[in-house]
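# Survey of secondary and tertiary structure
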Amino acid sequence: MTSFYGRCLAFLVVYLFAAQYVSVYAGSFHKDVQIHWGDGRGKILDNTGNLLSLSLDKFSGSGFQSHQEFLYGKVEVQMKLVPGNSAGTVTTFYLKSPGTTWDEIDFEFLGNISGHPYTLHTNVYTKGTGDKEQQFHLWFDPTVHFHTYCIVWNPQRVIFTIDGIPIREFKNSESVGVPFPKHQPMRLYASLWEAEHWATRGGLEKTDWSKAPFTAFYRNYNVDACVWANGKSSCSANSPWFTQVLDFKGKNRVKWAQRKYMVYNYCTDKKRFPQGAPPECS
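Quick caveat: nothing in here was measured; it's all calculated off a predicted structure. (Residues numbered from 1 in each chain as written. Predicted model: local features only at pLDDT ≥ 70, side-chain atom pairs only at ≥ 80, totals over all residues. Heavy atoms only, no water.)

Core analysis: the largest hydrophobic core is formed by 58 residues, its most contacted members being Phe 64, Phe 109, Ile 151, Trp 153 and Tyr 218. It is strand E14 (residues 214-228) that contributes the most residues to this core, 8 residues altogether. (Core = buried A, V, L, I, M, F, W, Y, C linked by side-chain atoms within 4.5 Å. Buried < 20%, exposed > 50% of the residue type's maximum accessible area, 1.4 Å probe, protein only. Helix = DSSP H or I, 4+ residues; strand = E, 2+ residues; numbered from the N terminus.)

In structure tokens:
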């Protein structure tokens with residue numbers, strides 16, 4: 001009898017703990033996001049809310065944001081980028097908190113002239129300070145097919161993956177004085193906008209507006225995250241992403257991506273850091 005009541009009590013404790021954990025799974029653009037700027041240039045293209053387009057012309061770009069804020073999670077979407085001459089355009093998928101001392105985790109795709117590769121720009125901001133850029137040229141043409149871009153954000157690390165392949169890991173290095181984004185809930189954002197003054201070859205290649213409107217597509221929006229509500233976020237350590245680390249295979253994949261496709265790494269920029277790399281780089 002005692003064992004029976006003990007099992008019931010244990011079940012009740014687990015149930016009550018799990019009830020505090022609110023997570024979001026396979027999403028719908030109809031119910032989970034708001035196209036918050038662009039004056040009609042952002043469009044949901046199907047009844048199920050699975051496919052969305054963002055467009056840019058000479059007058060405006062466009063973007064969407066999640067209705068909810070998250071404190072830790074796994075967020076992913078499939079994207080197909082602007083084809084042809086996309087110089088000066090920036091297509092994004094990122095997490096960001098509000099305010100002047102914001103946190104942010106970025107996927108930004110910098111367009112290029114026809115026949116030249118996109119540059120994937122990744123960055124992590126904490127309390128309004130970034131300067132942790134790593135950039136890549138992709139091993140595929142991101143304008144032909146959809147590819148899956150994912151951010152895993154947990155208390156110990158941020159992992160960036162493409163089609164399940166990790167390309168970057170930003171570890172929590174608070175032990176050596178490096179801030180880590182863990183206190184501010186963030187919304188998920190995506191946008192297509194113009195930045196011809198810096199986006200392509202440092203601004204040397206300008207946007208060809210005769211090719212406008214430029215259009216990028218998003219589909220299969222998925223979030224498995226801790227939803228911030230009423231000033232708190234309760235997370236279950238049973239979610240695989242909450243304790244996710246890179247195993248031996250994952251670390252080797254990061255090394256492969258960075259060895260073959262990385263084109264800029266702040267950790268090795270001696271002009272910016274003549275006294276040596278930042279402590280999180282060691």
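Bringing the sheet that holds strand E9 (residues 134-136) into the picture now. By definition, the strands of a sheet pair up through backbone hydrogen bonds, in either a parallel or an antiparallel sense. Taken in spatial order, the 8 strands make up an open sheet running E1-E4-E13-E6-E7-E8-E9-E15, and their pairing is antiparallel. Either end of the sheet is taken by a strand with one partner, and the two such strands are strand E1 (33-37) and strand E15 (262-265). Between one strand axis and the next, the sheet turns through 15 degrees on average, direction left out of account. Pairing of strand E4 (residues 62-66) with strand E13 (residues 187-194), which is carried by 4 bridges, proceeds in the antiparallel orientation. Note on E13: the bridge partner recorded for Ser 62 is Leu 192. (Pairing = 2+ DSSP bridges. Axes fitted to C-alpha atoms, helices over the stretch in contact; angles between N-to-C directions.)

Strand order in the open sheet formed by 7 strands is E2-E3-E14-E5-E10-E11-E12, with antiparallel pairing between adjacent strands. Since the sheet does not close on itself, it has two edges, and those belong to strand E2 (42-44) and strand E12 (165-171), each with one partner. The average angle at which neighbouring strand axes cross in this sheet is 20 degrees, direction not considered. When strand E5 (residues 69-80) meets E14, the two strands line up antiparallel, connected through 9 bridges. Bridge pairing in E14 places Glu 69 opposite Trp 228.

Here we take up helix H3 (residues 248-261). Helix length check: H3 (14 residues) gives 20 Å between terminal C-alpha atoms against 20 Å at 1.5 Å per residue, within 8%. Buried residues of H3: Gly 250, Val 254, Ala 257 and Tyr 261, and no others. Along the axis of H3, the buried residues cluster in a sector spanning 80 degrees; they form a single face. Turned more than 90 degrees from where H3 packs its buried face, Phe 248, Lys 249, Lys 255 and Arg 259 sit exposed. (Expected span 1.5 Å × (residues − 1). Arc of directions from axis to C-beta.)

As a further point, take the state of the cysteines. Summed over all chains, the structure comprises 1 disulfide. Disulfide pairing is shown between Cys 267 and Cys 281; the S-S distance is 2.0 Å. Its S-S torsion of about -75 degrees marks the bond between Cys 267 and Cys 281 as left-handed, since a negative value means left-handed. With Cys 267 in the segment after E15 and Cys 281 in the segment after E15, this residue pair connects regions lying 14 residues apart in the sequence. The exposure class of Cys 281 is partly exposed, given its relative accessible area of 24%. Of all cysteine sulfurs in the structure, the one in Cys 226 sits closest to Cys 150, which takes part in no disulfide; the separation is 14 Å. (Disulfide = S-S within 2.5 Å.)

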